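Read off the chains here:
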Amino acid sequence: MNYKQHTIKAPVTVSGIGLHTGVVSNMTFNPAPANHGYKFQRIDLPGQPIVAADVDNVVDLSRGTTIEQNGARVNTVEHTLAALVGLEIDNVLIQLDGPEPPIMDGSSIEFVQALLSVGLQEQNALRNYFELTEGITYKDEARGVEIVGLPLNDYRLTVMVDYNSPVLGSQHASITNMNQFEKEIAPCRTFCFLHELEALHKQNLIKGGNLDNAIVIVDRVVNDDELTVLADLLNKPKVEVKETGTLNNVELRYKNEPARHKLLDLMGDLALIGRPIKGQILAARPGHAANIGFAKRVKKAIQEASIQSVPVYDEKKPPVMDINQITATLPHRYPFLLIDKIIHLDETTVTGVKNITMNEPFFQGHFPGNPILPGVIQIEAMAQTGGILVLNTVENPEDYWTYFLGVDKCRFKRKVIPGDTIIFKCELLAPIKRGIAKMSGQAFVGGQLVMEAEMSASIVKKKA
């Protein structure tokens, strides 16, 4: 699992017909800066509008996922996005001179090959993972659909499908490491059942569909007259089929290729959440509507977590502890007393404030001419904030020392510069036992997370 963001080293273009619109288009993947995300640009339209790959921009789910923004629409984005997710590419501008990405062979493999041909570029920014801390569930009982997201310090997906078909039956597919995507998932093609073909055609869909970019599953006996009609529908001089199987006897790349393609679709649709995920996704009979329904619930959880985790700092309210009270509690002194105020303190949580000025002594030697608050200072300031919390659990805190034991899962999200005000929030992960405290900590500037870590400390009584 990558922790740094990535883009691609150079532009690369693929061309072909769109599955549903039947329009030939050229699609160019372009490098993009850190924190850009996935965005499409319709360069064939006036003003060349940009459409962000965001679940809030989904407008249609008719056999594919369509997004729209700024008066521009992009159809069937899931295979393109799946390729980016599978390669753990974070930032790309996708320029398109038509309404729909090329369907290619019906899978993501040609997108993957194009992207790998120019290579990936690591960027100087961390991936902004959203880690599921509790289960998130989407159900459609009428269709027997259920998608569940569970906590996991990784990204794994499992799909189970049951088509009630003698050809396909029940199938499942999984991906436990993104390194498997290129060979195990990306080559798996889109498919439909024979009985769906005419209905899709009447809905003005699959205009670009043919037996070179889709698998047609035949689960019943087909007479010669029907085969003639199908040949006309698919612009083929002739089509044939065994008693059951696939139209034109197309060979599956994997016995469970349909289930693997459903997993591919799920990966592409969940890219619209807008952030890489840490969690285990289990999906029973998923489709685009369910995928997007689940994605919206995850995005809502992200928004709620953001609102809940960012402390509110009202400068007009008196602090819980001012600098004199902090000095009376902590042993630190200039230039190493790094907290100016405590604005919240209870049995499990503390919130502290540090104002960053150019007069901080370390700026003289730390990146002169480009002052950036050192990461070790941020960690120490967070630890001092946590020290206030730990000392609050004992009587006569002046009789105790707190010693920093360790730091884990430390991530720096954004740089901190003079003029910023950092809000540190520390919370006990478990009750203090035998003088050992474990805390999670977050640092915010302007409501944005700039640093997070887990810390441990010991509390020791001073010797008489």
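Before any of the text, the structure's been laid out above.
Conventions adopted
- Residues numbered from 1 in each chain as written.
- Predicted model: local features only at pLDDT ≥ 70, side-chain atom pairs only at ≥ 80, totals over all residues.
- Heavy atoms only, no water.
- Helix = DSSP H or I, 4+ residues; strand = E, 2+ residues; numbered from the N terminus.
- Buried < 20%, exposed > 50% of the residue type's maximum accessible area, 1.4 Å probe, protein only.
- Pairing = 2+ DSSP bridges.
- Axes fitted to C-alpha atoms, helices over the stretch in contact; angles between N-to-C directions.
- Parallel < 35°, antiparallel > 145°, perpendicular 65-115°, else oblique.
- Left-handed = near helix turned anticlockwise from the far one by under 90°.
- Contact = heavy atoms within 4.5 Å.
- Nonpolar A, V, L, I, M, F, W, Y, C, P; charged D, E, K, R; others polar.
- Core = buried A, V, L, I, M, F, W, Y, C linked by side-chain atoms within 4.5 Å.
- Expected span 1.5 Å × (residues − 1).
- Phe/Tyr/Trp six-rings, centres within 6.5 Å; stacked < 30°, edge-to-face > 60°.
- Lys NZ or Arg CZ within 6 Å of the ring centre and 35° of its normal.

Participant: What is the right way to read the environment of valine 310 from this model?
Facilitator: Tracing the backbone shows valine 310 in the loop between α7 (288-309) and α8 (323-329). Remark: the alpha-carbon pair of valine 310 and valine 445, spanning 135 residues in sequence, is separated by 9.5 Å.

Participant: Is there a simple way to explain unusual backbone geometry in this structure?
Facilitator: Excluding glycine, most residues fall at negative phi; most peptide bonds, likewise, are trans. The omega angle of the peptide bond from tyrosine 334 to proline 335 is 5°, so this bond is cis rather than trans. With respect to the helices, strands and loops of the structure, proline 335 is situated in the loop between α8 and β20 (341-345). Phi at asparagine 35 is positive, roughly 65°, even though this residue is not glycine. Looking at the secondary structure, you find asparagine 35 in the loop between β3 (24-31) and β4 (38-42). The exposed category is assigned to asparagine 35, whose relative accessible area is 56%. A positive phi angle, near 55°, is found at lysine 409, a position not held by glycine. The exposure class assigned to lysine 409 is partly exposed, which follows from its relative accessible area of 44%.

Participant: Explain the pairing of β3 here, please?
Facilitator: In summary, the side chains of a regular strand alternate between the two faces of the sheet. Where strand β2 (residues 12-17) lies against β3, 6 bridges are found, and the strand directions are antiparallel. Residue pairing across strands places valine 14 opposite methionine 27, the latter belonging to β3. Pairing geometry for β3 and strand β9 (residues 92-96), over 5 bridges, is antiparallel. By the bridge assignment for β9, proline 31 is matched with valine 92.

Participant: For this particular structure, what's the right way to read the packing of helix α1 (residues 78-86) against helix α2 (residues 109-118)?
Facilitator: Between two packed helices, the angle of one axis relative to the other and the distance separating the axes together describe the packing. Between α1 and α2, the shortest axis-to-axis distance is 9 Å and the interhelical angle comes to 45°. Considering the angle they form, α1 stands oblique to α2. Where α1 crosses over α2, the two elements pack in a sense that is right-handed. Of the residues in α2, those in contact with His79, Thr80, Ala83 and Leu84 of α1 are Phe111, Val112 and Leu115. By residue class, the composition of the contact of α1 with α2 is 5 nonpolar, 2 polar and no charged.

Participant: Could you clarify how one ought to interpret the nonpolar core in this entry?
Facilitator: Burial of nonpolar side chains together is a common tendency in soluble globular proteins. Counting residues in each nonpolar core, the largest one holds 66 residues, and the members touching the most others are Phe29 and Leu157. Top contributing element to this core by residue count: α7, with 7 residues. Not counting the four nearest positions on each side in its chain, phenylalanine 29 is found in contact with Ile8, Ala10, Pro11, Val12, Val14, Thr80, Leu84, Val92, Leu93, Ile94, Phe111 and Leu115. By size, the runner-up hydrophobic cluster in this structure holds 35 residues, among which are Met321, Leu338, Met382 and Ile388.

Participant: Help me out: how do you make sense of the sheet that holds strand β24 (residues 436-445) in this one?
Facilitator: Strand pairing in a sheet takes place through backbone hydrogen bonds and is either antiparallel or parallel in direction. If you trace the 6 strands from one edge of the open sheet to the other, you get β20-β21-β23-β24-β25-β22, paired in antiparallel fashion. In the strand order of this sheet, the two ends are held by β20 and β22 (400-412), each with one partner. Neighbour to neighbour, the strand axes of the sheet diverge by 25° on average, direction disregarded. Looking at chain direction, β24 and strand β25 (residues 448-461) are connected through 10 bridges and run antiparallel. Residue pairing for β25: phenylalanine 444 is matched across the bridge by leucine 449.

Participant: Is there a simple way to think about helix α6 (residues 257-270) in this case?
Facilitator: Note on helix geometry: an α-helix contains 3.6 residues per turn, so any two residues three or four positions apart are oriented the same way. When the terminal C-alpha atoms of α6 are compared, their 20 Å separation across 14 residues agrees well with the 20 Å that a helix rising 1.5 Å per residue should span. Within α6, 14 of the 14 residues are buried, which leaves it mostly tucked inside the rest of the structure.

Participant: Looking at this model, I keep getting lost on the packing of aromatic side chains. Mind explaining?
Facilitator: Working definition: an aromatic ring pair is given by the centre-to-centre distance plus the angle between the planes. Here the structure, examined in full by the defined rule, presents 2 aromatic pairs. An angle of 70° between the planes, with centres 6.2 Å apart, marks the rings of phenylalanine 29 and phenylalanine 111 as edge-to-face. Separated by 82 residues along the polypeptide, phenylalanine 29 in strand β3 and phenylalanine 111 in helix α2 bring together distant segments of the chain. Taking relative accessible area as the criterion, phenylalanine 29 reaches 0% and is therefore assigned buried. Overall, the relative accessible area of 1% leaves phenylalanine 111 in the buried class. Measuring from ring centre to ring centre gives 5.1 Å for phenylalanine 362 and phenylalanine 363, while their planes differ by 70°; the resulting arrangement is edge-to-face. For phenylalanine 363, a relative accessible area of 4% puts it in the buried group. The residue whose ring lies beneath arginine 260 is tyrosine 254, and the NZ or CZ to ring-centre distance is 3.8 Å. The lysine or arginine in question, lysine 462, covers the ring of tryptophan 401, its NZ or CZ lying 4.4 Å from the ring centre.

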